[in-house]
Amino acid sequence: MNPAGYDRLQSQVIPGYGSLARLAVALLSCSPEARATGSEVLVAGCGTGAELLEAVAQRPDWQLTALDPSAEMLAESQQRLSNAPATASAAIRWQQSTVEDLVNQTGMEGRFSGGLSVLVLQSLPDDGSKLAFLSALARCLKPGAQLVLVDLMRSAQSSLEPQLDAAWLAFQAASGLDASAALGASQGLHPIGLARLTSLVNAAGFGDPARIFQALGFEGFLLQKQA
Ligand SMILES: C[S@@+](CC[C@H](N)C(=O)[O-])C[C@H]1O[C@@H](n2cnc3c(N)ncnc32)[C@H](O)[C@@H]1O
């Protein structure tokens, strides 16, 4: 994934992308575990830093671990955060790693009071990779801690589906995205339906997903690690 132009592309493809990180952080900030001052929070797949910018602005007291396997994304994120005024007082530990590798490092199991995973699960195939990612996230969290998960979902079959598909293309065109770029943006994604997500998160150690928003195919859920 190329960090150059990443944020503009996402806002052309995802309705509401501009406020997604703000909403995700606000939700986690009010969760039973992460609302405590100084909570340790994991930002899984931090990409170019959208959730981190919001986290340091809303919760400068949080101790953040910013994680991404891509050196390019991590560098872009670090650069962006270094220019943010709120970052000066924030504690951020940077890790070039997957969540699956992080959890096997000493002291990471059961460490975090909350987690954010925005637009990451959708890129992993459902061949064991999604379950490995979700299981690692659950293992990183304290019992009762919550994860905000945002992803492209496979739509439930409904008579509205052709209209919704057409509306998504119309949204992208109206946002200035040409047809080939729109096609490129949807490639390499592996959306799943709600029933499959529920089965995967339960197997990983979370309770049932609670949907907290939806914009066309993009849905946000709160997941709570089983006590
Ligand atoms: C589409 S970007 C999302 C970035 C950011 N969260 C956002 O909302 O804009 C997905 C990111 O997840 C990272 N990623 C992929 N697999 C991962 C894994 N197993 N653990 C952690 N991050 C991963 C990718 O390197 C990429 O930067």
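Worth saying up front: this structure is predicted, and the values here are computed from it rather than measured. (Residues numbered from 1 in each chain as written. Predicted model: local features only at pLDDT ≥ 70, side-chain atom pairs only at ≥ 80, totals over all residues. Heavy atoms only, no water.)

Participant: Can you walk me through the site of the ligand in this structure?
Facilitator: Y6, Y17, G45, E51 and D68 are the nearest of the 19 residues found near the ligand. Contact between the ligand and V99: a nitrogen atom at 3.2 Å from a main-chain N or O atom of the residue. Only α1 (6-13) and α5 (99-102) provide two or more residues apiece to the shell around the ligand. Here the shell around the ligand is built from residues that sort into eleven nonpolar, five polar and three charged. (Near = heavy atom within 4 Å. Polar contact = N/O pair within 3.5 Å; in protein donor to acceptor, adjacent residues only side chain to side chain. Helix = DSSP H or I, 4+ residues; strand = E, 2+ residues; numbered from the N terminus. Nonpolar A, V, L, I, M, F, W, Y, C, P; charged D, E, K, R; others polar.)

Participant: Teacher, can you tell me more about the side chain of S70 here?
Facilitator: Within the element layout of this structure, S70 appears in the loop between β2 (63-67) and α4 (71-82). Judged by its relative accessible area of 17%, S70 falls in the buried class. One polar contact links the side chain of S70 to the main-chain amide nitrogen of M73, over a distance of 3.0 Å. (Buried < 20%, exposed > 50% of the residue type's maximum accessible area, 1.4 Å probe, protein only.)

Participant: Help me out: how do you make sense of the packing of α1 against helix α7 (residues 161-174) in this one?
Facilitator: To describe two helices that pack against each other, one gives the angle between their axes and the distance between the axes. At a minimum axis separation of 7 Å, α1 and α7 run at an interaxial angle of 140°. When the interaxial angle is binned, α1 and α7 end up oblique. Along its contact with α1, which presents S11, Q12 and V13, the element α7 presents W168, F171 and Q172. Grouping the amino acids of the contact of α1 with α7 by side-chain chemistry returns three nonpolar, three polar and no charged. (Axes fitted to C-alpha atoms, helices over the stretch in contact; angles between N-to-C directions. Parallel < 35°, antiparallel > 145°, perpendicular 65-115°, else oblique. Contact = heavy atoms within 4.5 Å.)

Participant: Can you help me understand the pairing of strand β7 (residues 218-224) in this one?
Facilitator: Regular strands have side chains that alternate between both faces of the sheet. When you tally the buried positions in β7, you get six out of seven residues, the bulk of the element. Pairing analysis gives seven bridges linking strand β5 (residues 141-152) to β7, with the strands arranged antiparallel. Residue pairing in the sheet places L147 in a bridge with L223 of β7. Taken together, the five bridges between strand β6 (residues 210-215) and β7 define a ladder with antiparallel strand orientation. The partner of A215 across the bridge, within β7, is F218. (Pairing = 2+ DSSP bridges.)

Participant: Help me out: how do you make sense of the nonpolar core in this one?
Facilitator: General note: in soluble globular proteins, nonpolar side chains tend to be found buried as a group. Grouped together as the largest cluster of nonpolar side chains are 37 residues, with contacts concentrated most on W62, L64 and L119. Examining the composition of this core, we find that six residues originate from one element, helix α2 (residues 17-29), more than from any other. Dropping the residues within four chain positions of it, L64 is found in contact with V41, V43, L52, A55, V56, A91, I92 and R93. Counting 30 residues, the second-largest nonpolar core is a separate cluster that includes L102, L121, A136 and L141. (Core = buried A, V, L, I, M, F, W, Y, C linked by side-chain atoms within 4.5 Å.)

Participant: How do you make sense of the packing of α2 against helix α3 (residues 50-58) when you look at a structure like this?
Facilitator: Running from amino to carboxyl end, α2 crosses α3 at an angle of 50°, the nearest separation of the two axes being 9 Å. As far as their axial angle goes, α3 and α2 are oblique. The two elements α2 and α3 meet at a crossing, and its hand is right-handed. Touching Y17, A21, R22, V25 and A26 of α2 are A50, E51, E54, A55 and Q58, all from α3. Residues of the contact of α2 with α3, tallied by class, amount to six nonpolar, one polar and three charged. (Left-handed = near helix turned anticlockwise from the far one by under 90°.)

Participant: When you look at the pattern of salt bridges in this model, what are you seeing that I'm missing?
Facilitator: Should their charged atoms come close, side chains of opposite charge can pair. Following the criterion strictly, the structure yields eight salt bridges and no others. A salt bridge links D7 to R80; its shortest N-O distance comes to 3.3 Å. Of this pair, D7 sits in helix α1 while R80 sits in helix α4, and the two are 73 residues apart along the sequence. You can call D7 partly exposed: its relative accessible area is 22%. Residues joined by salt bridges that share partners form a network here, namely E40, R93 and R111. (Salt bridge = Lys/Arg side-chain N within 4 Å of Asp/Glu carboxyl O.)

Participant: Could you clarify how one ought to interpret the sheet that holds strand β1 (residues 40-44) in this entry?
Facilitator: Each strand in a sheet pairs with its neighbour through backbone hydrogen bonds, running either in the same direction (parallel) or in the opposite one (antiparallel). Taking strand neighbours across the sheet as the criterion, the seven strands line up as β3-β2-β1-β4-β5-β7-β6 in an open arrangement whose pairing is mixed. Each edge of the open sheet is held by one strand with a lone partner, namely β3 (91-95) and β6. Within this sheet the neighbouring strands show an average axis-to-axis angle of 15°, counted without direction. Pairing of strand β4 (residues 112-118) with β5, which is carried by six bridges, proceeds in the parallel orientation. Considered in β5, the bridge of V118 is made with V150. Across the face of the sheet, α2 comes into contact with β1, β4, β5, β6 and β7 while running at roughly 160° to β4. Contacts from α4 reach β2 and β3 within the one sheet, and its direction differs from that of β3 by about 165°.

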